[in-house]
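Descriptive analysis of the structure
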Amino acid sequence: MDEPYKLSYTWVGGPINTIVTWTLKQEDETTCLHLEQTGFEKEDQAFNGAKYGWAQMGEDLKKVLEEM
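Residues numbered from 1 in each chain as written. Predicted model: local features only at pLDDT ≥ 70, side-chain atom pairs only at ≥ 80, totals over all residues. Heavy atoms only, no water.

Here the focus is the overall build of the protein. The helix and strand tally for the protein stands at 1 helix and 3 strands. Sequence-ordered secondary structure for the protein, helices as α and strands as β, is β-β-β-α. At 14 Å, the protein has a C-alpha radius of gyration far larger than the 11 Å of a compact globule built from 68 residues. Expressed as a percentage of its 68 residues, the buried residues of the protein come to 10%. Sequence separation of at least 24 residues holds for 13% of the intrachain contacts in the protein that already meet a minimum separation of 6. Summing over all exposed atoms, the protein offers an accessible surface of approximately 5900 Å²; the carbon and sulfur share of this is 54%. Averaging the coordinates of the 6 positive side-chain charges in the protein and doing the same for the 13 negative ones gives two points 6 Å apart. (Helix = DSSP H or I, 4+ residues; strand = E, 2+ residues; numbered from the N terminus. Rg over C-alpha atoms; globule rule 2.2 N^0.38 Å. Buried < 20%, exposed > 50% of the residue type's maximum accessible area, 1.4 Å probe, protein only. Contact = heavy atoms within 4.5 Å. Areas by Shrake-Rupley, 256 points an atom, 1.4 Å probe, with all protein chains shown as cover. Lys, Arg positive; Asp, Glu negative; His and termini not counted. Charge placed at Lys NZ, Arg CZ, Asp CG, Glu CD.)

Another aspect to go through is the sheet that holds strand β3 (residues 30–38). In a beta sheet, neighbouring strands are held together by backbone hydrogen bonds and run either parallel or antiparallel to one another. The 3 strands are arranged β1-β2-β3 in an open sheet whose pairing can be described as antiparallel. With partners counted over all chains shown, the strands left at the sheet margins are β1 (6–13) and β3, one partner each. Put simply, the sheet's adjacent strands are angled 20 degrees from each other on average, direction ignored. Of the strand pairs in this sheet, β1 and strand β2 (residues 16–27) are connected by 8 bridges, and their pairing is antiparallel. Counterpart to Leu 7 in the pairing with β2 is Trp 22. In the packing of helix α1 (residues 45–66) onto the sheet, contacts are made with β1, β2 and β3, and the angle to β3 comes to roughly 165 degrees. (Pairing = 2+ DSSP bridges. Axes fitted to C-alpha atoms, helices over the stretch in contact; angles between N-to-C directions.)

This is the structure:
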């Protein structure tokens, strides 16, 4: 953790053992959020499931922020 700019943690489940990293970066008056999940050995069902899941959560987050 590099508070308040970066948070990394392990994500272990089934066949995967990965690292998820969230990073915040200020650009003028805009705060950018970057998500990276590393450690996949191949682009298999686990990789594609994570890719789909994070994309869906990103869209949900956008909706929440728009309502604020």
